[in-house]
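Overview (structure and organization)
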Amino acid sequence: MALSIQTSPLARRRKAADKAFRVVCLLSVVASCVVLVYLLFSILQDGLPRLNPEFFQNFSSRRPEAAGIKAAMMGSIWIILITAAIAVPVGIAAAVYIEEFSPKNNPLTSFIQVNINNLAGVPSIIYGLLGLAVFVRFFAMDRSIIAGALTLSLLVLPTIIVVAQESIRAVPDSYRHGALALGSTKWQMVRTQSLPNAMSGIVTGVILSLSRAIGETAPLITIGAVAFIATVPENLSSKFTVLPIQIFDWSSRPQSGFHQAAAAAIIVLLAILITLNLVAVLIRARSQKRA
Amino acid sequence: MSSRTVGILTLLVGSALAACLVGCGPTSESGDSGSKETGSKSGGVSGSLTIDGSSTVTPILAAVAEEFSKTHPDSRVTVGTSGTGGGFKKFDAGEIDISMASRPIKQEEIDKAKANGIDFIELPVALDGLTVVVNKENNWVDHLTVAELKKIWEPGSKINNWKDVRPGFPDVPLKLYGAGTDSGTFDYFTLAIVGKEKASRTDYQASEDDNVLIQGVKGDKGALGYFGFGYYEENQDDLKAVAIDNGSGPVAPSVRSVVGATYQPLSRPLLIYVSTKAMETNKVVGAFMEYFFANGSQLVEEAKFIPLPKEVLDVVKKHFDERKTGSLFKGAEVGLGIAEILKRETGG
C-alpha cells in the first residue's frame with residue numbers, strides 16, 4: 001500500500017520538486033561562497049604585504065608605499081564610539097518607553113511605530129543630507145566628528161529601537177506581573193526584569209547596527225568628512241576621515257600601489273567588522289546557555 | 001548574569017565616554033579657534049585650512065597638503081573630495097577656504113558666491129589631457145576625428161559597431177566606457193566632443209572610478225573609453241591611446257601636446273579657487289599658496305598630472321600676488337591654450 005503511493009506519478013513529481021529545490025538552495029550557497037572566497041582571496045593577496053606597523057602609524061601620503069591609515073582608523077574609532085554613546089542610550093530608552101510605558105492601541109503610538117519602522121529602511125545618503133542641513137549648517141557644528149556621529153546616530157537609531165523593542169517584547173509578561181504583584185514600581189520592574197532579560201538581544205542588535213555604521217561612506221562624505229588629513233581627532237569639533245573614505249580615495253587613484261594600500265585598509269575594516277560580529281555571536285550564545 | 005553585566009558595562013562605558021568627550025571638548029576647541037586667529041607662532045603659521053572639491057584634483061592638493069604639513073607642523077590642512085559642484089556649493093556658502101575644480105566655475109556659481117559676499121582668485125594648478133583609449137588588441141584605430149567621436153557619443157547615437165564608425169573598420173561590437181554624470185570629467189568631455197555640456201548617450205558603462213573603466217577597456221576587444229591622462233600613463237602597457245584629429249591632423253595625447261595646446265579639444269586645465277576673504281582672515285591660506293608656487297610642479301607630476309609650464313605658472317603667481325579676482329573663463333569653453341586664457345583681462 002505505502003509502496004504504491006510512493007511510486008505514483010504524483011509522488012514522483014513531488015520528489016523531483018523536492019530534489020530540485022534542494023539543488024537550487026545548495027547552488028545559491030555555493031555561488032555566494034565562491035564569490036566571497038574569491039573576494040577575500042584577492043583582497044588578502046593584494047593587501048597582506050602592506051599590513052605592517054607603519055601602515056597603522058602613517059598618515060595618508062602621496063607616495064603609496066608610505067601611505068597609512070592612522071587618521072582614518074582613529075577617525076573610525078572615534079566616530080563609532082561617539083555614535084554608540086549617543087544612539088544606544090537614546091535607542092534603548094525609546095524602546096522601553098514604547099513597550100512598557102506608552103498607552104497600547106493608541107493612534108499616536110502606532111503612528112510613531114510605523115515611522116520608526118519606515119526610517120529603518122531609508123537610504124543612508126538621505127541621512128547624510130539631513131545631517132548636512134541640520135547639524136553642519138543649522139547648528140553650525142561644521143564638518144566635525146560630532147556632526148558625523150550625530151548623523152550616524154540618526155542612521156542606526158531606528159534599527160536599535162526596533163531590535164530593542166523586539167527583545168523587550170520577548171520577555172514573558174508573567175515576569176512583569178510577578179514584579180508588579182510584589183509591589184515594585186514600573187521603573188523597578190523595567191530595571192530588574194524587562195531590561196536584564198532583554199539585554200542579550202539588545203546588545204546583539206546594537207553591535208550589528210554599529211557594524212553597519214562603521215562601514216558607511218555616503219552620509220559622511222555628504223556632511224564633509226575629508227579625504228586627506230594629517231592629524232588625528234583631538235576633540236568633538238575636530239575634522240576627520242574614516243576607513244571607508246580612505247579606501248574609496250585610494251582605490252580611485254591611478255597608481256597600483258594605492259590599490260594595495262586600499263586592499264590592506266579593507267582587511268583592517270573587515271577585521272574590525274568580524275570582531276564586532278563575533279562579540280555579538282558570543283553574547284547570544286551565552287544568553288542561550290543561560291536560558 | 002554575564003550577558004547582563006556585559007550589556008550594562010557597554011552602556012556605562014558608552015555614557016562615560018560621551019560625558020568625558022563633551023567635558024573635554026570645549027576647552028581644547030577654544031584653544032584651536034584661538035590659534036586660528038592669532039596666526040604666527042614660533043616662526044611658522046598655525047591654524048586650519050579647509051580645501052574641498054573635485055576628486056580629480058584631490059591627489060594634487062593632498063600631496064601639497066602632506067608636504068606643507070611637514071614644514072608647518074602647527075597648521076591643519078584638510079582636503080575633502082565632494083566633487084567639483086559639491087565643492088563650489090560649500091565654497092559659495094563660505095564653508096571652505098579653497099575649492100578644487102576640474103572645470104571652470106559656472107556663472108550661477110559666481111553669482112551665488114557674490115550674493116554671499118565671497119570673492120575669489122582663480123588659479124590653474126595643472127593640466128590634464130582627457131585620453132580616449134581602446135583595447136590593446138584593437139589594431140584598426142590609430143586616430144579618431146572629433147566628428148567621429150561626436151557621432152559615437154552624442155545623445156541618441158545608435159552606433160554599436162565599429163564598422164559604423166568609419167568605412168573600413170571591422171565588424172566588431174563597440175562597447176563604451178565613460179565618466180559618471182556627476183563628474184567634471186563628464187562635463188568637459190561632453191562639452192568638448194558633443195558641443196553641449198552633459199549631452200551624452202546614456203547606454204554606456206559609466207563609473208566615477210576611472211579604474212573601473214580601465215578594467216572594462218582592458219577586458220573587451222571592441223571597447224572605447226575616456227579618462228584622465230594620468231590613468232592612461234599608469235596603464236599604457238595594457239591600453240592603447242587614440243590620437244585625436246581636430247581638423248589639423250591627428251595628435252596623440254602626451255605631456256608635450258597637452259602643454260603645447262596642440263592636443264585639442266581634450267586638454268583641460270585643473271583649477272583651484274581661493275577665497276579672498278579667507279586670505280585676509282587666515283594666514284595659513286597665503287602660506288599654503290606660497291608653498292604651492294615654490295614646490296607645486298614636482299608634486300603635480302608625482303600625482304600623475306601635467307605641471308604648468310614655467311612661464312604660465314609665473315603668470316598664475318602674478319595673478320595671485322596681485323589678488324586678481326574673478327574668472328577668466330567665459331563659462332564653459334574648450335579648445336583654448338591655457339596661456340591664451342591667462343592673457344585675458346578678468347571678466348565678471
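Just so we're clear, the structure is a prediction, and the values are computed from it rather than from any experiment. (Residues numbered from 1 in each chain as written. Chains lettered and ligands numbered in written order. Predicted model: local features only at pLDDT ≥ 70, side-chain atom pairs only at ≥ 80, totals over all residues. Heavy atoms only, no water.)

Overview of unusual backbone geometry
- Between B:Q264 and the following residue, B:P265, the backbone shows a cis peptide bond with an omega angle of 0°.
- If you trace the backbone, B:P265 turns up in the loop between α9 (255-259) and β13 (267-275).
- Phi at A:D142 is positive, roughly 65°, even though this residue is not glycine.
- Topologically, A:D142 is positioned in the loop between α6 (124-138) and α7 (145-169). (Helix = DSSP H or I, 4+ residues; strand = E, 2+ residues; numbered from the N terminus.)

Description of the domain arrangement of chain A
Residues and elements named next belong to chain A.
- Along its sequence, chain A is organised into domain 1 (9-50) and domain 2 (55-290).
- When each unit is reduced to the centre of its C-alpha atoms, the spacing between domain 1 and domain 2 is 31 Å.
- Residue-level contacts link seven residues of domain 1 with twelve residues of domain 2.
- On the domain 1 side of the contact with domain 2, I43, D46 and R50 bury the most area, a combined 76% of that side's loss.
- The tally of links between domain 1 and domain 2 comes to two residue pairs in polar contact (both at pLDDT 80 or more).
- For the side of domain 1 that touches domain 2, a count of residues per class yields four nonpolar, one polar and two charged. (Domains from an automatic or database assignment. Contact = heavy atoms within 4.5 Å. Buried area = accessible area lost by both parts, 1.4 Å probe. Polar contact = N/O pair within 3.5 Å; in protein donor to acceptor, adjacent residues only side chain to side chain. Nonpolar A, V, L, I, M, F, W, Y, C, P; charged D, E, K, R; others polar.)

A look at the sheet that holds strand β3 (residues 98-101) of chain B
- Taken in spatial order, the six strands of this open sheet run β1(A)-β2(B)-β1(B)-β3(B)-β13(B)-β4(B), and their pairing is mixed. For this open sheet the edge positions go to β1 (226-229) of chain A together with β4 (120-129) of chain B, each flanked by a neighbour on one side alone. Strand-to-strand twist of the sheet, defined as the mean angle between neighbouring strand axes without regard to direction, takes the value 20°.
- Pairing between β4(B) and β13(B): nine bridges, direction antiparallel. The residue of β13(B) that forms the bridge with B:A126 is B:L270.
- Strands in contact with helix α11 (residues 283-302) of chain B are β1 (47-53), β2 (75-80), β3, β4 and β13 of chain B; relative to β1(B), the strand with the most contacts, it is inclined by about 55°. (Pairing = 2+ DSSP bridges. Axes fitted to C-alpha atoms, helices over the stretch in contact; angles between N-to-C directions.)

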